[in-house]
Amino acid sequence: MDLLNDSPRGIEQMLLDTGFSDLDKDVPPRRRRSKNCCSSCCMWTVLAIAIVTMAYGLTETTLYFLTREHDEPPTTTASSPTTTTLKNSGTCEKRIIGYFRLGESSELTEKQISLLTHIIFYKFNIQENGTLTIGKPEEKEELAGLVKTAKWLNVKTMFSIDEEKSGSNLFSSVTADTKKRRTLVDSISFVIKEYHMDGVDIFWKWPSNEQEYSKLILLCTELRERFGQLAQATNRKTPFLISLILSPWPKHDTYRRIQDKITTLVDFLNVETNNYYGSWFSEAGHFIGPPAALYSGHEYHGGENVDYAMWYHSCRTGNPNKLNIGLSFRVNYWENVILPQNKSDTLWLKAEKINGTVRGGWLSWRNFEKKGWNLPSASWNQESRTPYFWEPDERRYIAFENERSIQEKTNYAIDKNIGGFTIWALNDDDDDYSLSKAVGSANLCSGKGDNSIVNYNCTGV
Ligand SMILES: *[C@@H]1O[C@H](CO)[C@@H](O)[C@H](O)[C@H]1NC(C)=O
Ligand SMILES: *[C@@H]1O[C@H](CO)[C@@H](O)[C@H](O)[C@H]1NC(C)=O
Ligand SMILES: *[C@@H]1O[C@H](CO)[C@@H](O)[C@H](O)[C@H]1NC(C)=O
Ligand SMILES: *[C@@H]1O[C@H](CO)[C@@H](O)[C@H](O)[C@H]1NC(C)=O
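All figures in this text were calculated on a predicted structure; none of them were measured in a lab.

Q: Tell me what's going on with the overall build of the chain, and back it up with residues and numbers.
A: Of regular secondary structure, the chain possesses 13 helices and 14 strands. Of all 461 residues assigned to the chain, the portion counted as buried reaches 48%. For the chain, contacts bridging at least 24 residues in sequence account for 78% of all contacts bridging at least 6.

Q: Describe helix α12 (residues 403-415), and please don't skip the residues or the numbers.
A: For an α-helix the count is 3.6 residues per turn, leaving residues at separations of three or four pointing the same way. Look at α12: 18 Å from first C-alpha to last across 13 residues, which is about the 18 Å you get at 1.5 Å a residue. Along α12, the residues that are buried comprise Ser405, Ile406, Lys409, Thr410 and Ala413. One face of α12 carries all of its buried residues, which in axial projection span an arc of 140 degrees. Along its buried surface, α12 packs onto α10 (306-317), β8 (323-328), β12 (386-391), β14 (420-424) and α13 (434-440). Just past α12, the residue Asn417 takes up positive phi, approximately 60 degrees.

Q: So what's going on with the environment of Leu223? Residues and values would help.
A: Residue placement: Leu223 occurs in helix α8 (residues 210-233). Residue Leu223 is classed as buried on the basis of its C-beta count, with 23 C-beta atoms lying within 10 Å. In this structure, the C-alpha to C-alpha distance between Leu223 and Phe240, residues 17 residues apart in sequence, is 9.5 Å. With near-sequence residues (within four places) excluded, Leu223 lies in contact with Val185, Ile188 and Ile242.

Q: So what's going on with the pairing of strand β1 (residues 95-101)? Which residues, and what values?
A: Within β1, seven of the seven residues are buried, leaving the element largely enclosed by the surrounding structure. Direction of pairing for β1 relative to β14: parallel, over a ladder of four bridges. Looking at β14, one finds that Arg95 is bridged to Gly420. As judged from the five bridges shared by β1 and strand β2 (residues 118-126), these two strands associate in the parallel manner. Paired with Gly98 across the two strands is Ile119, which belongs to β2.

Q: Lay out the sheet that holds strand β13 (residues 396-399) in plain terms, naming residues and giving numbers.
A: Reading across from one edge, β10-β9-β13-β12-β11 is the order of the five strands in this open sheet, with antiparallel pairing throughout. Looking at the sheet topology across the chains shown, the edges are occupied by β10 (360-364) and β11 (379-381). Taken over all neighbouring pairs, the strand axes of this sheet differ in orientation by 30 degrees on average, direction set aside. Taken together, the three bridges between β11 and β12 define a ladder with antiparallel strand orientation. Each bridged residue has a counterpart across the sheet, and for Trp380 the counterpart in β12 is Pro387.

Q: Which residues make up the nonpolar core, and what values do they have?
A: In this structure, Phe100, Ile288, Tyr397, Ile423 and Val439 are the most contacted members of the largest nonpolar core, which totals 107 residues. Residues in contact with Tyr397, not counting those within four places in the same chain, are Ile288, Tyr333, Trp334, Val337, Leu349, Tyr388 and Trp390.

Q: Before we move on, can you summarise helix α7 (residues 178-195) with the specific residues and values?
A: The end-to-end C-alpha separation of α7 is 26 Å, in line with the 26 Å expected for 18 residues at 1.5 Å each. Buried residues of α7: Leu184, Ser187, Ile188 and Ile192, and no others. Relative to the axis of α7, the buried residues are bounded by an arc of 135 degrees and lie together on one face. Structural note: α7 exposes Thr178, Lys179, Phe190, Lys193 and Glu194 on the side pointing more than 90 degrees away from its buried face. Backbone geometry just downstream of α7 places His196 in the positive-phi region, at approximately 55 degrees.

Q: Break down unusual backbone geometry for me, with residues and values.
A: Of the consecutive residues Lys205 and Trp206, the connecting peptide bond is found in the cis state with omega at -10 degrees. Put simply, Trp424 and Ala425 share a cis peptide bond, and its omega is 0 degrees. Mapped onto the elements of the fold, Ala425 is located in the loop between β14 and α13. The phi dihedral of Asn336 is positive, around 55 degrees, even though this residue is not glycine. Residue placement: Asn336 occurs in the loop between β9 (330-334) and β10.

Q: Would you mind going over the packing of α7 against α8 in detail, with residue names and values included?
A: Remark: α7 packs on α8, axes separated minimally by 10 Å, with the N-to-C direction vectors making an angle of 40 degrees. Here α7 is positioned oblique relative to α8, judged by the angle of their axes. For the pair α7 and α8, the crossing hand works out as right-handed. Of α8, the residues touching α7 (which contributes Arg181, Val185, Ile188, Ser189 and Ile192) are Leu218, Leu219, Glu222, Leu223, Arg226 and Leu230.

Q: Explain the environment of Tyr388 to me, using residue names and the numbers behind them.
A: Here Tyr388 shows up in strand β12. Once residues lying within four places of it in the same chain are set aside, the contact partners of Tyr388 are Pro290, Thr346, Ala378, Ser379, Asn381, Tyr397, Ile398 and Ala399.

Q: Now, about the pairing of strand β5 (residues 199-202): what can you tell me, with residues and values included?
A: What you see with β5 is no split at all: Gly199 and Asp201 on one side and Val200 and Ile202 on the other are buried throughout. With α8 bridging β5 and the parallel strand β6 (residues 241-246), this β-α-β connection has right-handed handedness.

Q: An account of the packing of α8 against helix α9 (residues 252-265) is needed here, citing residue identities and associated values.
A: Contact pair α8 / α9: the axes reach a minimum separation of 10 Å and the direction vectors enclose 10 degrees. The orientation of α8 relative to α9 falls into the category roughly parallel. Residues Glu210, Tyr213, Ile217, Cys220, Thr221 and Arg224 of α8 touch α9, and the partners they reach there are Thr254, Ile258, Lys261, Ile262 and Leu265. Considering only residue class, the contact of α8 with α9 consists of six nonpolar, two polar and three charged.

Quick notes on the rules
- Residues numbered from 1 in each chain as written.
- Chains lettered and ligands numbered in written order.
- Predicted model: local features only at pLDDT ≥ 70, side-chain atom pairs only at ≥ 80, totals over all residues.
- Helix = DSSP H or I, 4+ residues; strand = E, 2+ residues; numbered from the N terminus.
- Buried ≥ 20, exposed ≤ 12 C-beta atoms within 10 Å, placed from the backbone.
- Contact = placed C-beta atoms within 7 Å.
- Expected span 1.5 Å × (residues − 1).
- Arc of directions from axis to C-beta.
- Pairing = 2+ DSSP bridges.
- Axes fitted to C-alpha atoms, helices over the stretch in contact; angles between N-to-C directions.
- Core = buried A, V, L, I, M, F, W, Y, C linked by C-beta atoms within 7 Å.
- Parallel < 35°, antiparallel > 145°, perpendicular 65-115°, else oblique.
- Left-handed = near helix turned anticlockwise from the far one by under 90°.
- Right-handed = clockwise from strand over helix to strand, strands pointing away.
- Nonpolar A, V, L, I, M, F, W, Y, C, P; charged D, E, K, R; others polar.

Here it is, written out as structure tokens:
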């Protein structure tokens, strides 16, 4: 009688499914107000050596939509788009971005697309020689159809480039070689032309030292140059777009030196704030918490949270409008939770590791209610501003995002002049697009004043 867990996936699949969502490659955080950085760093050196073990139960109940018939792509023959004005685009330049994983047979409808300003199609794989490939041949057709619909709805389209197998270091080796880097730029340019997309998203998790950051800068610089030529050749009025995924806790010292350069080169940065907890197969997998706590945090993460990441990056770049808050449409759960000594403590719990393994996993929000969970009855944690279910008898904890927690974050973004949100992933929303609507209905342009105003106390950043 397991309400969550149904189809154990193999380790290989787990590792392939790194998406916007595996923490174990992240670089260590530092404490915001830490006086003992050293002990924090030392702890991390040890803990960052992720031990990849078979986490059974690292499941996603994709069965529903993996087997579902692929719906007909939306027709583009109707008279005019239902949404002619996008609340968050235009002069105020705010963004509601959704990643969409190609090749999953989950549909992306006009209605869901119209809630966005940008879609990032995930993904094209980097090859050893710098060329790009798409996963399955049928993804080409899927992509072409969706780009067409998005264009019609005036939503910008981009594609993500990533390594096919995480840990293969292809970003590093390809960008290190002048010829291969050129091939990569050629390939990106080719894909943009072929599919008439608006830009590229670089999903490098993560450049780990100064040298790798230099290569990333080279790649972006060369892309900018090429995009300029391409825009001229195709008579395009607005520049092609470049975005990057950014760790909420980049290695500060290295990143500090190049932060301005990176921020100048790209159009926006997708800060991976959606993934603080829930990497069951990593060393830190037993720490339980919401995907994106707005405030507060587990001691292990130095108490880090969305507010910390946005404070840090806004203050460092002076450009909150280039930052997007990462949002997860996944539901994370842990079993064998260690009961807190004080029964009133329902946040920042830990799971017991059994034979070195944490039992837990995730499922798409779309499958959550279908599994019998009464979502309106979820508990609310005011400290982190997130919902949860905690079942002490079952020793099970479930953490996720809902309409209310999304609203807390959109209010926050308006208050702090943040550029917008990046959703991982559109595939995971329910058939009513409840979560997409919650993000898409936010009027990010209602913020007062100039987009570039940094609304934080930046002392000590
Ligand atoms: C790059 O490698 C791929 C796969 O190994 C191969 O199919 C392709 O022809 C190569 N392209 C170039 C330009 O070398
Ligand atoms: C248990 O936690 C609650 C809420 O944090 C607190 O108010 C209460 O004093 C604690 N009880 C004990 C016995 O520590
Ligand atoms: C833990 O590992 C031991 C030795 O491999 C095995 O005998 C035991 O059944 C395992 N326990 C659980 C709960 O899987
Ligand atoms: C900003 O933060 C610093 C250090 O935390 C504090 O001393 C200072 O009073 C704060 N300034 C304002 C205007 O709140």
